[in-house]
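# Report on the structure
The lines below spell out each chain.
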Amino acid sequence: MARRKTKKNTLFKKFIQDVESAEQRDVEQTPLLALIVATFLDRLGFVPFINSVVTWDQKQWRVSPGNLAKSLIITPFICIGSRIPLYSIHENYQSVDMSLLFEDHVKPEWLTRDAFACLLDRIYDAGCENIFTQIALKVYDTFKIPYNAVFHGDTTTFVLYGEYTDTEPDNDGEAVPAYGHSKDGKPNLKQVVLGMVTDKLGIPLLVTVRSGNQNDSKWNRAIIDSLSDLLKTATSKVTYIADSKLTTAPNITKLIRKGFSFVSVCPANFEKKLAERCIRTAYKKNEWINIGTYREPQTIRLVEYEVQECRESVCGAICRLLVFRSTQTKKDAVSALEKEKKEVLDLVTASTTKEFSCEADALKEIAALEKNLKNRVLTVACSLVTKDLELEKRPVGRPPKNAKPLPKTTVWMIDAGDLIVRQERYDLMRWKHESFVLITNVTEDHTSAIEILRLYKEQKTVEDNFSVMKRPSMVDTLFLKTPKRIVALITLLSFALLIQVIIRVLVQRNLDAMDEKPGIDHNGKPLARIGLKKIIRFLGYYTVISEEGEQECICKTKVHRPHLKTWLHLLEVDL
């Protein structure tokens, strides 16, 4: 045992010596992904642009605002999967070759918390939304991506930890942490609302941060004005797509007045239950048109759709209302009806198992049950029954011949018959779950029903962007002293999202251009379509080793070593 312990101690000493000698060799390891992100930021002219719009004094700043902002954006790609606080960012750059990531001379120890705090204040003062949009618009020319005037808008929430004083925003553009409807399921925490507008490829063009209690309808109203200002020089007609919160009378009126096309879900209470009227009409006519199958975004599931169309005057303009139903929505309707049946049976069982000492109490229970079932599609007919109960328990053994009968009491119980279907409500509920209504002012000559459906389904691109933003290494939960710094930090981290979307778009574009797909997937399989997570994982295998002015790219796995050139080709990067 002693000999084994001595051998183990010797191994530990040798290990420590090897680590110390490795540090003395000054070997620097830079993730290839971080280098690609830095390269893309340079191609967009990120650093000089930030330096030109932010107020700063070169004599007072050891690191320029552009390079500080760049270091924040690159940080999630240096330590993938971990949440990094601002005060420890410099530690993650200690073992990185800074000359590969920054054109100017930048030392890790210069990336201090105070420097970042000052940067965030200056970024906010310079106008976060304007900064982001101006750089995002450069993506099309820089990376030769075709521009398409179809935009998707949506919002999500970011929860905040820490105490924030209750203040009211001076204007609608300010973001104040507040309690509101939490899309993260944390209503006990204050939050801010992140809004985003992307093109159909998912490239974010507008990023807004608003108070945590702002509603989506109000946000969409402001976004319509922002899009109008952004696209004054646009030659093609703009199509704006959002969820049902877009469909309000003021929003639709503004869209029509500005000449925008739009696609949205028609909510239940819009224009005196317009959606319900269209659904009733569609099912009564029963003139469904099969428009074929449609592949749900990022799934292999094929869904077959049918449609009926009607036209209505909405806010002074003729709009198309498309009632869709599919094989999937029919299954959803069956599930909803089964759920309704179970809920009704639970209510009935809870009442029929009770015993009441007087008839009045039993009648009250029947009234309460009938009230609960009033708006249900299923109901029951209830009646009262009496039941005699012995007040005492009969002793064990055979009772004597002259035994007195045990005292009894009468209780009232509810007897429920079979479930009764309210046919009209049943049909309406089934119709509503089987179908949904899209509202648009795009004419049939311009866009078919299946294309309208496809446009709306591409709304998922914004939701996918939010899922990337909410990964721990990006934003997750925020804790900063002032709301202004929260807005600035989210804006800068949105650039990290922008670069990732560019990476996905370039890789997929070049894969589509290949007649023979490269065998760079797992187990050497051909790679035809790929998501962002897999791209990040594959690129994470590669690291650039810098030693004594020389660089070499190594790979963690032997299988993926030969694929580096292919990945650089897909990314259109020449290192």
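Note that the structure is predicted; figures quoted are calculated from it, not measured.

## Comments concerning the overall build of the protein
When helices and strands are counted, the protein shows 20 helices and 16 strands. Buried residues in the protein amount to 46% of all 575 residues. By element, 50% of the accessible surface of the protein is carried by carbon and sulfur atoms, the whole surface being about 30,800 Å².

## Things to note about the sheet that holds strand S1 (residues 28–31)
Across the sheet, which stays open at both edges, the three strands sit in the order S1-S15-S16 with antiparallel pairing between neighbours. Looking at the sheet topology across the chains shown, the edges are occupied by S1 and strand S16 (550–555). Each adjacent strand pair in this sheet contributes to an overall mean axis angle of 30°, direction not counted. Lying over the sheet, helix H2 (residues 32–43) contacts S1 and strand S15 (542–547), oriented at roughly 65° with respect to S1.

## Details of the nonpolar core
Generally speaking, nonpolar side chains in soluble globular proteins are found buried as a group. Residues Phe 46 and Trp 567 are the most contacted members of the largest nonpolar core, which totals 134 residues. Considering each element in turn, this core owes the most residues, 19 residues, to helix H18 (residues 483–512). Ignoring anything within four residues of it in the chain, the contact list for Trp 567 reads Val 507, Ile 520, Leu 527, Ile 530, Ile 535, Phe 538, Leu 539 and Tyr 542.

## Notes on unusual backbone geometry
We note that Glu 271 has phi near 50°; this positive angle belongs to a residue other than glycine. When you line up the elements, Glu 271 lands in the loop between strand S6 (261–265) and helix H12 (274–285). Taking the relative accessible area as the measure of exposure, Glu 271 reaches 33% and is therefore partly exposed. Even without glycine at this site, Asn 523 takes up a positive phi of about 60°. Locating Asn 523 in the fold gives a position in the loop between H18 and helix H19 (532–539). The class of Asn 523 is exposed, set by a relative accessible area of 74%.

## Remarks on helix H4 (residues 65–78)
An ideal rise of 1.5 Å per residue puts 20 Å on 14 residues; H4 measures up with 20 Å between its terminal C-alpha atoms. Burial analysis of H4 places 14 of its 14 residues in the buried class, the great majority of the element.

Each value, and the rule that gives it
Residues numbered from 1 in each chain as written. Predicted model: local features only at pLDDT ≥ 70, side-chain atom pairs only at ≥ 80, totals over all residues. Heavy atoms only, no water. Helix = DSSP H or I, 4+ residues; strand = E, 2+ residues; numbered from the N terminus. Buried < 20%, exposed > 50% of the residue type's maximum accessible area, 1.4 Å probe, protein only. Areas by Shrake-Rupley, 256 points an atom, 1.4 Å probe, with all protein chains shown as cover. Pairing = 2+ DSSP bridges. Axes fitted to C-alpha atoms, helices over the stretch in contact; angles between N-to-C directions. Contact = heavy atoms within 4.5 Å. Core = buried A, V, L, I, M, F, W, Y, C linked by side-chain atoms within 4.5 Å. Expected span 1.5 Å × (residues − 1).

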